[in-house]
Amino acid sequence: MADIKNKRHSEWSSRFAFILAATGSAVGLGNIWKFPYITGENGGGAFVIVYLLCVVVIGIPIMMAETMIGRRGRQNPVNAMKTLAQEAGADSRWRYLGWLGVAAGVIILSYYSVIAGWAMAYVLKSISGTFIDGSAQQIGGFFDAFVKDSGAQVFWHTSFMVITMLVVVRGVREGLEKAVRFLMPSLFILLILLVGYAMNTDAYDQGLSFMFDPDFSKITGSSILTAMGHAFFTLSLGMGAIMVYGSYLPKDVSISQTAFMVAGADTLVALLAGIAIFPLVFANGLEPSTGPGLIFQTLPIAFGQMTGGVIFGTLFFVLLFFAALSSSISLIEPAVAWMVENKGYSRVKTCVFLGAGVWFLGLGTVFSFNEWADFTFLGKNIFECLDFLTANIMLPAGGLLIAVFSGWVMTRTQSRDELQLNNKGLYYCWFILVRYVSPAAVFLVFIHVLGIL
Ligand code: PFF
């Protein structure tokens, strides 16, 4: 895997290394924690269909566009955008798009770290046998008490941030590639095991039909926006994370194939998580719309009942922690790369500075679940505001501009040369999607939500 340290033009050791890193970035809390709870809050099947549609029509083409811009620009997102804009004879202010991404990454990491801290705490709870034979009420009670304990929240948030920054300081080459290589398949196997468990509950059919039988009367403008925003969030798009990783991609690797593989793996993990969780929700008389605590209130019930549940439960939360870590690294990498390459700061100084800033911002989320729970803006607490601002506005807006950039600003010679799609039809399909379809779709959803349409 390429060393993302100070070398500018280093490359991944192989196509597989890029796929691993990009999948590591994409598969994270978004798939296992966020996808099930927002599906629960937005009524199930119809929401899932809109989300899948967004992945195919908007997500995959934009993932190809981001990888392409990164590889052609060969620098951090701010510089890559500037260089390519100049190459195409366009305004160098396109670099501000890189900025938008850097900011989004920093804000997302601030709350991502708090939730990843929950996974860490649950490793300990699981290993100490807290969940054994726990009823749904007891497990729910643990979670409520845990998030209300602001001291514990600060502790776990701090721990996760320290670990993230330690990994980022060393560059992603050491450790992470090996870790992801082994952890991703393990997470996958464990999810299959949980699906197997869910199949044996009475409510398996009910869970499946909640997830896959669409009832379009439950779809509102805001749930379409959430589904679209989640397609960006879960694929790590719209903020330059994939762009940075793409900048280390060797020239001979097929961008389209890798994008399909990453998006496919990501979607599969999310669907498996949902299939494992909803039967448990219904089997235990819980509500699918409980919100961010959903997986922490349901999966431990299963772990508490199954043979070997202490081991599987512990393993699950360890893997969730690693999935979060490989994503959090990519959230901060655009900001780190920019400070190192453009400001000339050392990697250590950059990490201390950025880490402290993100940690501080994260306190807003920490206290959203306790001390400041009543502090709301437009009915949303601080965590919900940050999540909405980033996932539903900044990432889709970033993605829209990336699509416009690659479909309208970059010349066809540039994009054709970089994508190297031998099949002409496939190239035109991509081109039409990024030039017209994706920008129009994001734009329409935005104006629909604003009430103009
Ligand atoms: N894709 C990650 C997840 O699903 O958990 C979150 C994420 C990582 C979003 C990196 C954006 C990003 F740039």
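## Quick notes on unusual backbone geometry
The backbone of Ser 236 shows a phi angle near 60 degrees, a positive value even though the residue is not glycine. Ser 236 sits in the buried class, given a relative accessible area of 10%. If you check the backbone angles, Gln 420 has positive phi at about 45 degrees while not being a glycine. Relative to the assigned elements, Gln 420 resides in the loop between α17 (412–419) and α18 (424–449).

## A closer look at the confidence of the model for the protein chain
On average, residues of the protein chain carry a pLDDT of 91, and 95% of them reach 70 or more. Within the protein chain, helix α9 (residues 204–212) carries the highest mean pLDDT (97), whereas helix α8 (residues 176–199) carries the lowest (84). Note that pLDDT drops below 50 for residues 1–9; the model gives that stretch 36 contacts with residues more than four away or on any other chain.

## Let's talk about the side chain of Thr 23
One can find Thr 23 in helix α1 (residues 15–26). Of note is the side chain of Thr 23, whose polar atom sits 2.5 Å from the backbone oxygen of Ile 19. Residues within four places of Thr 23 in sequence aside, it is in contact with Met 184, Val 262 and Ala 265.

## Some words on the packing of helix α6 (residues 136–148) against helix α7 (residues 150–170)
At a minimum axis distance of 5 Å, the contact between α6 and α7 shows a crossing angle of 80 degrees. Between α6 and α7, the crossing angle belongs to the class labelled roughly perpendicular. Where α6 abuts α7, its residues Phe 146, Val 147 and Lys 148 lie against Ser 150, Ala 152, Gln 153 and Trp 156. Residue classes in the contact of α6 with α7 are distributed as 4 nonpolar, 2 polar and 1 charged.

## Points about the nonpolar core
Core analysis: the biggest nonpolar cluster contains 164 residues, and Trp 118 and Phe 316 have the highest contact counts within it. Per-element accounting of this core gives the leading share, 18 residues, to helix α5 (residues 95–127). Contacts of Phe 316, omitting those with residues within four sequence positions, involve Ile 32, Leu 190, Leu 191, Leu 194, Leu 299 and Phe 303.

## Describing a nonpolar patch on the surface
Residues Trp 408, Ile 432, Tyr 436 and Val 437 make up a contiguous nonpolar surface patch of about 370 Å² in total accessible area. Take the nonpolar patch: its biggest share by element is 3 residues, from α18. Residue classification places Trp 408 among the partly exposed residues on the basis of a relative accessible area of 45%.

## Topic: the site of the ligand
In the vicinity of the ligand, 15 residues are found, and the nearest of them are Ala 26, Gly 30, Tyr 112, Phe 233 and Met 239. The separation between an oxygen atom of the ligand and a polar main-chain atom of Leu 29 is 3.1 Å. Take Ser 236: an N or O atom from its side chain is 3.0 Å from a nitrogen atom of the ligand. Within the complex, the protein chains bury 100% of what would otherwise be the 340 Å² of accessible surface of the ligand. Listing elements by their share of the shell around the ligand, those giving two or more residues are α1, α2 (29–41), α10 (221–234) and α14 (309–343).

## What to know about the state of the cysteines
In this structure the tally under the stated criterion is 0 disulfides. Lacking any disulfide linkage, Cys 54 is separated from the closest cysteine sulfur, that of Cys 429, by 16 Å.

## Thoughts on the environment of Val 114
Its place among the elements puts Val 114 in helix α5. In sequence terms Val 114 and Tyr 245 are 131 residues apart; their C-alpha atoms lie 25 Å from each other. Other than its neighbours up to four places away in sequence, Val 114 contacts Gln 153, His 157, Gly 362, Thr 365 and Val 366.

## Considering the packing of aromatic side chains
For any two aromatic rings, the description comes down to two numbers: the centre-to-centre distance and the angle of the planes. Evaluated as defined, the whole model comprises 31 aromatic pairs. For the ring pair Phe 316 and Phe 317, a centre distance of 5.1 Å and an interplane angle of 80 degrees mean the geometry is edge-to-face. Accessibility assignment for this pair places Phe 316 and Phe 317 in one class, buried. For the cation-ring pair, Lys 380 lies above Phe 388, with the distance from its terminal atom to the ring centre recorded as 4.9 Å. The lysine or arginine in question, Arg 435, covers the ring of Trp 408, its NZ or CZ lying 3.6 Å from the ring centre.

Conventions and cut-offs
Residues numbered from 1 in each chain as written. Predicted model: local features only at pLDDT ≥ 70, side-chain atom pairs only at ≥ 80, totals over all residues. Heavy atoms only, no water. Buried < 20%, exposed > 50% of the residue type's maximum accessible area, 1.4 Å probe, protein only. Helix = DSSP H or I, 4+ residues; strand = E, 2+ residues; numbered from the N terminus. pLDDT = per-residue confidence, 0-100. Contact = heavy atoms within 4.5 Å. Polar contact = N/O pair within 3.5 Å; in protein donor to acceptor, adjacent residues only side chain to side chain. Axes fitted to C-alpha atoms, helices over the stretch in contact; angles between N-to-C directions. Parallel < 35°, antiparallel > 145°, perpendicular 65-115°, else oblique. Nonpolar A, V, L, I, M, F, W, Y, C, P; charged D, E, K, R; others polar. Core = buried A, V, L, I, M, F, W, Y, C linked by side-chain atoms within 4.5 Å. Patch = residues over 30% accessible without salt bridge, like charges linked within 9 Å, V, L, I, M, F, W, Y side chains within 5 Å. Areas by Shrake-Rupley, 256 points an atom, 1.4 Å probe, with all protein chains shown as cover. Salt bridge = Lys/Arg side-chain N within 4 Å of Asp/Glu carboxyl O. Near = heavy atom within 4 Å. Disulfide = S-S within 2.5 Å. Phe/Tyr/Trp six-rings, centres within 6.5 Å; stacked < 30°, edge-to-face > 60°. Lys NZ or Arg CZ within 6 Å of the ring centre and 35° of its normal.

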